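# Notes for the structure review
In case you want the letters, here they are:
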Amino acid sequence: MKLEGSVALVTGANRGIGLAFVRALRAHGAAKVYAGVRHPEFFEESGAEPLLLDVTEQDQIVAAAAARGDVTIVINNAGIQAGPGLLDGSFDGARREMEVNFYGTWALSRAFAPILAANGGGALVNMLSASSWRPNMRYPSYAASKAAEWSLTNALRLGLRDQGTLVVGVHAGPVDTDATLGLDVPKVKPSDVAEMTMRALERNEPEVLVDEVTRSVRAALSGPVDRLAPAR
Ligand SMILES: NC(=O)c1ccc[n+]([C@@H]2O[C@H](COP(=O)([O-])OP(=O)(O)OC[C@H]3O[C@@H](n4cnc5c(N)ncnc54)[C@H](OP(=O)(O)O)[C@@H]3O)[C@@H](O)[C@H]2O)c1
């Protein structure tokens, strides 16, 4: 698809990978970028229009869709990691992860699917993870929420095919954002994730495997589970 002249909406756009998506879209010629944020009053980024959007608030999703009927690209980027360990801790954080990562993505996709259809098909991008495929003993519920989001992405790809919407899943290992502050491992730059995604959109490719971690996990999927090199 053509990025030049597109109208994009990015969720969780105020920092991390979301902000990198905003900047990459502008750099690739998007005519408008709506930055979905929970606190528009604190958001300032030239070339982006802040839009109140907590993806767990259905009334905000409905209002966003009603007011932004010109959108041609939706990027479901908002996500959290808040869950307990495998054998202890409250399930509250695990439920919150599902609310944001899975139900939030689903709700926004439902609301904007008819808008994308009306505007010629467009594209829907879901920010997934190597954890969509890899067991994670430290953060099992985050991985489960990303696996659920991957399944949803596949369903959306098939379900929106007839309306001409390109559905892209972006999978990455550790990316250098607030979410990985305490993690002492090699990390990809958010701008690299965004740039690879722009390239996939331009080439109509449905899957982005950002780094070597992700590519090797993807390749090991059909083998025994211990080949997936579980994250500890
Ligand atoms: N960092 C990684 O290593 C990595 C790897 C693979 C995939 N991912 C995925 O990439 C996405 C972005 O991650 P990141 O590393 O950039 O995270 P981040 O720096 O922690 O930023 C998370 C973003 O999501 C927003 N958000 C959280 N809850 C929300 C809600 N209910 N409604 C709307 N926005 C909400 C946050 O807004 P506030 O500022 O208001 O909290 C923030 O803008 C996530 O889906 C994450 O799972 C990250």
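Residues numbered from 1 in each chain as written. Predicted model: local features only at pLDDT ≥ 70, side-chain atom pairs only at ≥ 80, totals over all residues.

### Side note on the overall build of the chain
- Of regular secondary structure, the chain possesses 6 helices and 7 strands.
- Ordered by position in the sequence, the α and β elements of the chain form the string β-α-β-β-α-β-α-β-α-β-α-β-α.
- Its C-alpha radius of gyration of 17 Å places the chain within 12% of the 17 Å reference for a compact globule of 232 residues.
- Expressed as a percentage of the 232 residues in the chain, the buried residues total 44%. (Helix = DSSP H or I, 4+ residues; strand = E, 2+ residues; numbered from the N terminus. Rg over C-alpha atoms; globule rule 2.2 N^0.38 Å. Buried ≥ 20, exposed ≤ 12 C-beta atoms within 10 Å, placed from the backbone.)

### Things to note about the site of the ligand
- Around the ligand sit 26 residues, and of these Gly-12, Gly-16, Ala-78, Gly-79 and Thr-177 come closest.
- For the shell around the ligand, the elements supplying multiple residues, two or more each, are α1 (16–27) and α3 (92–118).
- For the shell around the ligand, the element with the highest residue contribution is α1, accounting for 3 residues.
- A class-by-class count of the residues in the shell around the ligand yields 10 nonpolar, 12 polar and 4 charged. (Near = placed C-beta within 6 Å. Nonpolar A, V, L, I, M, F, W, Y, C, P; charged D, E, K, R; others polar.)

### Focus on α1
- When the terminal C-alpha atoms of α1 are compared, their 17 Å separation across 12 residues agrees well with the 16 Å that a helix rising 1.5 Å per residue should span.
- Those residues of α1 not exposed but buried are Gly-16, Ile-17, Gly-18, Leu-19, Ala-20, Phe-21, Val-22, Ala-24 and Leu-25.
- In this fold, the buried residues of α1 make contact with β1 (7–11), β2 (32–37), β4 (73–76), β5 (123–127) and α5 (190–202).
- A positive backbone phi angle near 95 degrees is found at Gly-29, which sits one or two residues after α1. (Expected span 1.5 Å × (residues − 1). Contact = placed C-beta atoms within 7 Å.)

### Quick word on the sheet that holds strand β3 (residues 49–52)
- The 7 strands lie next to each other as β3-β2-β1-β4-β5-β6-β7, forming an open sheet whose pairing is parallel. Two strands bound the open sheet, and with one partner strand each, they are β3 and β7 (207–209). Across this sheet, the average inter-strand angle for adjacent strands is 20 degrees, counted without regard to direction.
- Sheet topology places β4 next to β5; 4 bridges connect them, and they run parallel. Residue pairing across strands places Ile-73 opposite Ala-123, the latter belonging to β5.
- Against the sheet, α1 engages β1, β2, β4 and β5, with an angle of about 170 degrees to β1.
- Most of the contacts of α3 go to β4, to which it runs at about 175 degrees, and overall it touches β1, β4 and β5. (Pairing = 2+ DSSP bridges. Axes fitted to C-alpha atoms, helices over the stretch in contact; angles between N-to-C directions.)

### What to know about the packing of α1 against α5
- Close contact between α1 and α5 brings their axes to 8 Å; oriented N to C, the two are set at 50 degrees. When the axes of α1 and α5 are compared, the pair comes out oblique. Note on packing geometry: the crossing formed by α1 with α5 is right-handed. Two secondary-structure elements touch here, α1 through Gly-16, Ile-17, Ala-20, Phe-21, Arg-23 and Ala-24 and α5 through Pro-190, Ser-191, Val-193, Ala-194, Glu-195 and Met-198.
- Split by residue class, the contact of α1 with α5 holds 8 nonpolar, 2 polar and 2 charged. (Parallel < 35°, antiparallel > 145°, perpendicular 65-115°, else oblique. Left-handed = near helix turned anticlockwise from the far one by under 90°.)

### Some points on the nonpolar core
- With 59 residues, the main nonpolar core has Ala-8, Ala-35 and Val-74 as its most contacted residues.
- Looking at this core element by element, the count peaks at 7 residues for α1.
- Not counting chain neighbours up to four residues away, the residues in contact with Ala-8 comprise Leu-25, Ala-30, Val-33, Tyr-34, Val-71, Ile-73 and Ile-75.
- Listed in part, the 5 residues of the second largest apolar core include Tyr-139, Tyr-142, Ala-144 and Ala-147. (Core = buried A, V, L, I, M, F, W, Y, C linked by C-beta atoms within 7 Å.)

### Brief notes about the environment of Tyr-142
- Structurally, the position occupied by Tyr-142 is in helix α4 (residues 140–159).
- In this view, Tyr-142 contacts Gln-81, Gly-83, Glu-97, Ser-131 and Asn-136; residues no more than four positions away in its chain are not counted.

### As for the confidence of the model for the chain
- For the chain, mean pLDDT is 96; residues scoring 70 or higher make up 99% of the total.
- Considering each helix and strand of the chain separately, the mean pLDDT is smallest for helix α6 (residues 212–219), with a value of 95, and largest for β4, with 99. (pLDDT = per-residue confidence, 0-100.)

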